[in-house]
Amino acid sequence: MPTPTKGPRLGGGPAHERLILANLATSLFEHKRITTTEAKAKRLRPLAERLITFAKRGDLPARRRVLTVVKSKDVVHVLFTEIAPAVAERQGGYTRITKIGPRKGDNAPMAVIELVLEPLSPKQATVREAEKATKKAAPKKAAKKADEAVVETPADEAPVADEVVADAVEADKA
Amino acid sequence: MAVPKRKMSRSNTRARRSQWKATATALTTCTQCKGNTRPHIACPTCGNYNGRQYAEAVRTEHAG
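About the criteria used
Residues numbered from 1 in each chain as written. Chains lettered and ligands numbered in written order. Predicted model: local features only at pLDDT ≥ 70, side-chain atom pairs only at ≥ 80, totals over all residues. Heavy atoms only, no water. Helix = DSSP H or I, 4+ residues; strand = E, 2+ residues; numbered from the N terminus. Buried < 20%, exposed > 50% of the residue type's maximum accessible area, 1.4 Å probe, protein only. Contact = heavy atoms within 4.5 Å. Areas by Shrake-Rupley, 256 points an atom, 1.4 Å probe, with all protein chains shown as cover. Buried area = accessible area lost by both parts, 1.4 Å probe. Salt bridge = Lys/Arg side-chain N within 4 Å of Asp/Glu carboxyl O. Domains from an automatic or database assignment. Polar contact = N/O pair within 3.5 Å; in protein donor to acceptor, adjacent residues only side chain to side chain. Core = buried A, V, L, I, M, F, W, Y, C linked by side-chain atoms within 4.5 Å.

Quick word on the overall build of chain B
No. 1: The helix and strand inventory of chain B stands at one helix and four strands.
No. 2: Secondary structure of chain B in N-to-C order comes out as α-β-β-β-β.
No. 3: Expressed along its principal axes, the backbone C-alpha trace of chain B runs to roughly 60 × 25 × 20 Å.
No. 4: With 64 residues in all, chain B has 20% of them scored as buried.
No. 5: Considering only residue pairs separated by 6 or more positions, chain B has 6% of its internal contacts joining residues 24 or more positions apart.
No. 6: Carbon and sulfur atoms make up 54% of the accessible area of chain B, which amounts to about 5400 Å² in all.

So, in structure tokens, the structure goes:
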């Protein structure tokens, strides 16, 4: 949940800020990458990420919640059917802000805000897998100890069976 | 409303303004094109930032 913003609103009033952010979010989901001022990009990030979290939930109530912000049904459809599956594995951090220097004219610091649609890096994926494994292992520890005694007996038999197969292969070659 | 009682001398004005100083912009070297870039901002020469390309960052008026 984003923290309420302190200080003045974007555009002069709360309603104007809501409109600006809703339009920015719509453009972001439509084009996947937009150029705007740093201040707007920073305000947009928590809103956009919350909308994507709703999209990942994917049910009708979530869709209605998103529609209260993003008015375009086309864009919401794209969000739920294309963007949500692309970030299904990602645990937050769905957007990336990169600063691109000041704008000519008013020297406002500009930034590119884009959706992070590329798959998780191998490192992130392994960390996630390890976390899942430890989570799984924790409650099953007691059960596993009991299983180990049973597991050992078939393990002894396995190499013997392999040797037999290997012998058979050698015999075939000869 | 408070108003100045006396004209401020040229000397005092200049003494005050002598403290107005500009600071040099922090610069780093772009890893791709070796040009000067500001830290945490995409390169204005080639648009590179952390291995990703940002065409929006490229400035035509920017030389070297």
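Section: the interface of chain A and chain B
No. 1: Residue-level contacts link 11 residues of chain A with 13 residues of chain B.
No. 2: Counting each side, the surface lost to burial between chain A and chain B is near 940 Å², with a carbon and sulfur contribution of 50%.
No. 3: The interface formed by chain A and chain B includes one salt bridge.
No. 4: A salt bridge links E56(B) to R33(A); the nearest nitrogen and oxygen atoms lie 3.1 Å apart.
No. 5: Breaking the side of chain A that touches chain B down by element, the ones donating at least two residues are β1 (33–37), β2 (95–102) and β3 (109–115) of chain A.

Observations regarding the domain arrangement of chain A
All names here are of chain A.
No. 1: Once the domains are mapped, chain A shows domain 1 (14–117) and domain 2 (119–149).
No. 2: When each unit is reduced to the centre of its C-alpha atoms, the spacing between domain 1 and domain 2 is 34 Å.
No. 3: The interface is formed by four residues belonging to domain 1 together with four residues belonging to domain 2.
No. 4: Between domain 1 and domain 2, a total of about 430 Å² is buried, with carbon and sulfur atoms accounting for 36% of that surface.
No. 5: Among the residues domain 1 hides against domain 2, the three largest losses belong to E89, R90 and Q91. Together they make up 85% of the total.
No. 6: Seen at the junction of domain 1 and domain 2, the total is zero salt bridges.
No. 7: At the boundary of domain 1 with domain 2, the tally comes to zero residue pairs in polar contact (both at pLDDT 80 or more).

Re the nonpolar core
Nonpolar side chains tend toward joint burial in soluble globular proteins.
No. 1: Counting residues in each nonpolar core, the largest one holds 30 residues, and the members touching the most others are F29(A), L44(A), I52(A), V66(A) and L79(A).
No. 2: For this core, the elements supplying multiple residues, two or more each, are α1 (14–31), α2 (38–57), α3 (60–67), α4 (73–86) and β3 of chain A.
No. 3: Per-element tally for this core: the top contributor is α2(A), with eight residues.
No. 4: Apart from the residues lying within four places of it in its own chain, the contact partners of L79(A) are F29(A), L51(A), I52(A), A55(A), V66(A) and A84(A).
No. 5: M110(A), V112(A), Y54(B) and A57(B) belong to the second-largest nonpolar core, a separate cluster that totals six residues.

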